[in-house]
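Reading the structure
Residue-level listing of the chains:
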Amino acid sequence: MKKIIIANYKMNPLSASQAIKLAEAEDWPEVFMAPPPVFLLEVKKVLKRAGLAAQDVSALSDSVGPATGELSAAMLKKLGVRLVLIGHSERRALGETNEEISKKIKAVSAAGLKAVLCVGEPLNIRQKGLSAVKKFLAGQLKPVLSGKTETKNLYIAYEPIWAIGTGKACGAAAAAEIAAYLSSLAGAPVLYGGSVSAENAREFLSRPELSGLLVGGLSLKPKEFKKIILDARV
Ligand code: PGA
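Report follows, based on the coordinates.

**Section: the site of the ligand**
Residues in close proximity to the ligand total 13 residues, the closest being Lys 10, His 88, Glu 159, Gly 165 and Ser 195. In the model, an oxygen atom of the ligand is placed 2.7 Å from a nitrogen or oxygen of the Ser 195 main chain. A distance of 2.9 Å separates an oxygen atom of the ligand from a polar backbone atom of Gly 216. When the ligand is considered free in solution it has 280 Å² of accessible area, and contact with the protein chains removes 95% of it. Because more than half of its atoms lie within 2 Å of the grid, the ligand is assigned to the second largest pocket. In terms of residue class, the shell around the ligand is built from 4 nonpolar, 7 polar and 2 charged.

**Let's talk about the nonpolar core**
Counting residues in hydrophobic clusters, the biggest one holds 66 residues, and the most contacted among them are Ile 156, Tyr 192 and Leu 213. With 7 residues, helix 8 (residues 172-186) is the single largest residue contributor to this core. The contacts of Ile 156, once residues within four sequence positions are left out, are Leu 117, Val 119, Leu 141, Leu 182, Ala 186, Ala 188, Pro 189, Val 190 and Leu 191. By size, the runner-up hydrophobic cluster in this structure holds 13 residues, among which are Ala 53, Leu 83, Leu 191 and Leu 214.

**Considering the pattern of salt bridges**
Enumeration over the complete set of coordinates arrives at 9 salt bridges. For Lys 104, the salt bridge is made with Asp 56, and the minimal N-O distance between the two is 2.8 Å. Note that Lys 104 is positioned in helix 5 (residues 98-110) and Asp 56 in the loop between strand 3 (51-54) and helix 3 (73-79), a separation of 48 residues in sequence. Under the relative-accessibility criterion, Lys 104 is labelled buried at 5%. Here Glu 96 and Lys 104 are joined by a salt bridge, their closest N and O atoms 2.3 Å apart. Judged by its relative accessible area of 11%, Glu 96 falls in the buried class.

Rules and cut-offs
- Residues numbered from 1 in each chain as written.
- Predicted model: local features only at pLDDT ≥ 70, side-chain atom pairs only at ≥ 80, totals over all residues.
- Heavy atoms only, no water.
- Near = heavy atom within 4 Å.
- Polar contact = N/O pair within 3.5 Å; in protein donor to acceptor, adjacent residues only side chain to side chain.
- Areas by Shrake-Rupley, 256 points an atom, 1.4 Å probe, with all protein chains shown as cover.
- 1 Å grid on protein atoms, 1.4 Å probe; cavity = no way out; pocket = protein on both sides within 12 Å on 5 of 7 lines; lining within 4 Å.
- Sits in = over half its atoms within 2 Å of the grid points.
- Nonpolar A, V, L, I, M, F, W, Y, C, P; charged D, E, K, R; others polar.
- Core = buried A, V, L, I, M, F, W, Y, C linked by side-chain atoms within 4.5 Å.
- Buried < 20%, exposed > 50% of the residue type's maximum accessible area, 1.4 Å probe, protein only.
- Helix = DSSP H or I, 4+ residues; strand = E, 2+ residues; numbered from the N terminus.
- Contact = heavy atoms within 4.5 Å.
- Salt bridge = Lys/Arg side-chain N within 4 Å of Asp/Glu carboxyl O.

Shown next, in the form of structure tokens:
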């Protein structure tokens, strides 16, 4: 299976011209590019090989309607989006609940888009060992995967909270062990995210348990990001 690399630009960059510059520099077939929604259209215009992704979506199943500030899965699809990040820890930290996450997965799946469900444990759980981590992650998956969730268009992204933006990535062996566990529970391919760097990407990508990477900070640095793409092709 071809490994995928998702570039999560988060709340960056500030201008459309900067977003276009990044998109042009990172337009490879392995890539799904997730700019802020305000730049989706501009980025879409310049992409020739990469897929377009969104960082979030409305939990409402309606395509249109009286819902101020919401962006429906159907709207994202119309814009050319093919994949949607759901339940990123930075969104959970802002109050997103498992119930909303579950609705978002259903809305995205009903629109025929791919969903990437992000899960990950805080440091205090990690300090208790990998069994505690697995138990915590199973808790994050269960409410979301209970019922008839379509897993055909689902990816799981394992992103330990303590590894995001800290420069302290999870070891590849531990990430692979967790990925195998999550995959057995969810029946979906698993990506790793959290301080992926030009130096450590190859190690993650060499693990058969991992189907790709979710890259934050480094996706804003095209030269280093390119090294990850070359590693994904080995
Ligand atoms: P990071 O972010 O690569 O900057 O650690 C990853 C993410 O939050 O998706």
